[in-house]
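# Observations on the model geometry
Below, each chain spelled out in residue letters.
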Amino acid sequence: MVSVVAAIDFGTHGTGYAWTEIIKDGPAAAERSVQLRLRWPDAPGSYPKDLSALLVAPDGSVESFGHQARRAWTKRSETSDHGGYTYVEALKMALKVDGAHGTKPLGVGARSIDSPAKAFPLVVASLRRTYELALADIDRSGYGEDQIRWCLTVPVIWDEQEKQLMRDAAVQAGLPADPARLLLAIEPEVAALYCRIHLARLDEAHARHDLLRDGGRFLVLDCGGGTVDLVAYRVDRDPTGQPRLSQLDRATGGKFGSEYVDDEFVHRVLEDRFGGPAALEQIQRDCPHALLELLDRWEEAKLGLQAHLDPLTRQVVIDSPPVSLPVPGDIRDVLTDEVVERLRALSGNRNKIVVAVDETRDVLDTVLGHIIELTQDQLAAMAADGPAAGPEQVLLVGGLSESTYLQARLRQAFGDKGRLVVPPQPAAAVLAGAVHYSYDPDAIYLRRTRYTYGFAQAIAFDSVKDEGRSTIVNDHGAVLCERRFTVFVRNGDAVKVDAELQKGFAPLRRDQDSVTFTFYRTLAREPRYTDEPGCEPIGTLTLGLGDAMKLPFEQRRGDVVFRFGETEIRAHAAANDRNQRQTVNLRFDVNY
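Report follows, based on the coordinates. (Residues numbered from 1 in each chain as written. Predicted model: local features only at pLDDT ≥ 70, side-chain atom pairs only at ≥ 80, totals over all residues. Heavy atoms only, no water.)

Glancing now at the overall build of the protein chain. Secondary structure summary: the protein chain contains 12 helices and 33 strands in total. Computed over the C-alpha atoms, the radius of gyration of the protein chain is 27 Å, within 12% of the 25 Å expected from 2.2 N^0.38 for a compact globule of 592 residues. By principal-axis analysis of the C-alpha atoms, the protein chain measures approximately 90 × 60 × 55 Å. When each of the 592 residues of the protein chain is scored for burial, the buried share is 52%. Accessible surface for the protein chain amounts to roughly 24900 Å². Of this, 47% is attributable to carbon and sulfur atoms. (Helix = DSSP H or I, 4+ residues; strand = E, 2+ residues; numbered from the N terminus. Rg over C-alpha atoms; globule rule 2.2 N^0.38 Å. Buried < 20%, exposed > 50% of the residue type's maximum accessible area, 1.4 Å probe, protein only. Areas by Shrake-Rupley, 256 points an atom, 1.4 Å probe, with all protein chains shown as cover.)

Below, the discussion takes up the packing of helix 5 (residues 258-274) against helix 9 (residues 337-347). The packing of two helices is summarised by the inter-axis angle and the distance between the axes. For the pair helix 5 and helix 9, interaxial distance at closest approach is 8 Å and the crossing angle is 120°. The angle between the axes of helix 5 and helix 9 places the two elements in the oblique class. Where helix 5 abuts helix 9, its residues Asp272, Arg273 and Phe274 lie against Val339, Arg342, Leu343 and Leu346. By residue class, the composition of the contact of helix 5 with helix 9 is four nonpolar, no polar and three charged. (Axes fitted to C-alpha atoms, helices over the stretch in contact; angles between N-to-C directions. Parallel < 35°, antiparallel > 145°, perpendicular 65-115°, else oblique. Contact = heavy atoms within 4.5 Å. Nonpolar A, V, L, I, M, F, W, Y, C, P; charged D, E, K, R; others polar.)

Attention now goes to the nonpolar core. One finds Leu91, Val123, Leu127, Trp150 and Met166 to be the most contacted residues of the largest nonpolar core, which totals 76 residues. Examining the composition of this core, we find that 10 residues originate from one element, helix 2 (residues 116-139), more than from any other. (Core = buried A, V, L, I, M, F, W, Y, C linked by side-chain atoms within 4.5 Å.)

Let us now look at the sheet that holds strand 7 (residues 86-89). Working definition: the strands of a sheet are paired by backbone hydrogen bonds and lie parallel or antiparallel to each other. An order of 6-5-7 is seen for the three strands of this open sheet, with the pairing classed as antiparallel. Two strands lie at the open edges of the sheet, namely strand 6 (62-65) and strand 7, each paired on one side alone. Taking the axes of each pair of neighbouring strands and ignoring which way they run, one obtains an average angle of 25° across the sheet. Pairing of strand 5 (residues 53-56) with strand 7 involves four bridges; the strand directions are antiparallel. Residue Leu54 lies in a different strand from strand 7, and its bridge partner there is Val88. Strand contacts of helix 2: strand 5, strand 6 and strand 7, with the helix running at about 55° to strand 6, the strand carrying the most contacts. (Pairing = 2+ DSSP bridges.)

Moving on, we get to the pattern of salt bridges. Under the definition given, this model contains 34 salt bridges. Residues Arg129 and Asp50 are paired through a salt bridge, measuring 3.0 Å at the closest nitrogen-oxygen approach. Remark: Asp50 occurs in strand 4 (residues 50-51) and Arg129 occurs in helix 2; sequence separation between them is 79 residues. Look at Arg129 and you get buried, because its relative accessible area is 15%. Linked by salt bridges that have partners in common, Asp159, Glu160, Arg450, Arg521 and Glu536 make up one network. (Salt bridge = Lys/Arg side-chain N within 4 Å of Asp/Glu carboxyl O.)

This paragraph deals with unusual backbone geometry. Even without being a glycine, Asp42 presents a positive backbone phi close to 65°. Of the residues examined, Asp42 reaches a relative accessible area of 38% and is grouped as partly exposed. In this structure, Arg314 is a non-glycine residue whose phi angle is positive, near 60°. Looking at the element boundaries, Arg314 is found in the loop between strand 16 (307-309) and strand 17 (316-318). By relative accessible area, which is 34% here, Arg314 ends up partly exposed.

By the bridge criterion, four bridges tie strand 23 (residues 452-460) to strand 28 (residues 514-522) in an arrangement that is antiparallel. The partner of Tyr453 across the bridge, within strand 28, is Arg521.

What follows covers helix 1 (residues 66-78). Along an α-helix, residues three or four apart share an orientation, since each turn contains 3.6 residues. With 13 residues, helix 1 should cover 18 Å at 1.5 Å per step; its first-to-last C-alpha distance of 19 Å lies within 8% of that length. Turning to helix 1, its buried residues number three or more, namely Gly66, His67, Ala69, Arg70, Trp73, Thr74, Arg76 and Ser77. Elements that come into contact with the buried residues of helix 1 comprise strand 4, strand 5, strand 6, strand 7 and helix 7 (288-304). (Expected span 1.5 Å × (residues − 1).)

Put into structure tokens, the structure is as follows:
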């Protein structure tokens, strides 16, 4: 019996956990007491997440995590005693092929975490540590592990393969293998739950706005450390009259999170000030602790930057003075005299880097401009759902959401089409929302597919449409066209959470005792063949026909069933077996 629901938000920048008790006939969702961990070892203050960082020993084992790992790495770097140790951060994005974070690791002997294979064991270690901390916390309240349902968050831009990797990593870390006890949750989706439950606060008016009204719609903009995710929703009612969320359009997003703003700062500002890429690489190699210190000061300045939208000119005005960053002594010691003099000429002080207001704006806009474009595209898609009663609601969550510069740029882009909403504790919106989702998964009523999904099948040959294609003759004597794309659902279709879509099949040969299905996806809405450009295989399923082989060949039939509305796509196949059906679950192919 499940008595507790717990969530782990494994992010690019930070990782945390939260939980709550399941109480029969308990308080309304808004009154649930969600327990967040706000204090972490060696952390400078109170925050719902620890750093997603690890100190890796020479043998590959993880010695410490989070702020503790960063502190230990800094001490080693200060004394040049690297000893083969590696400091790793922002590794989550490496789980997605070609999605690795761009910043090079700092320090002698540091390894690049740039592929799922390299990232996977470290993700397992991070999840195991967070799981054990959460379990110990819940255990102190008297509950056992077998009473907990867990939820793990994933970005909206992740596909089935990355979700499979996360589930595999979680199970290796000790979390339950049973899908009913380990849910995956889409980050902006659960943030939407959090905002809906807590009645988001209107940022500019300090008023409250009810997002529970029937037909109300809103866009969730989740600006995290690595990814920015956007999903639009409408509030509907289920058959019992409860408010539920229906996804309006395909989710979208990209690698435009806070970490990429930091990359721009490194490449645009630090490379320029320190004399080019080669000089910066030397600093990364010889005094990474000092570079980390400098980046910490930039992080404070970036989030503390004050800005507003001028109501008359509609221009974003930065209210803060130029950013002034002290240059650590260890960095200054490796700089050439020429570079030091240039620092003095630019800032008036050889010990400081001064970033002018316009230069800071350029660094921010290089990344934030993509966020604005994505948001405008989603607002346009929302308009296709019909006219709104007023401005569209845009809910801003995630660690970067507290940037007043980003808020002002969004208001500038919206004009009178959108109203910016910043909920309480926006950095914890995904984490707390995941707890609510685990408590009540039915709160999400309808989702939109990101691709057209189906499987390869041999179908009756059409002499006109299939001219030139390879054919096969089955044991019934029928001429079939190979590699036809049998569609289950099309890109952008609305699918209810509990929807199951079914397609029939029959074996080709009398002596065929198993059937293998290869599943595909594509962005095209009307694919005809599985080898068309843009079609890619995403998994296979092999079904043994078993006792169905005892039936006459003409009676051997079966079904392939896709379940789409959940966070993960599930599939199974079943063969007729007189009074029984044999079922096999689909597992998507992954590499790690």
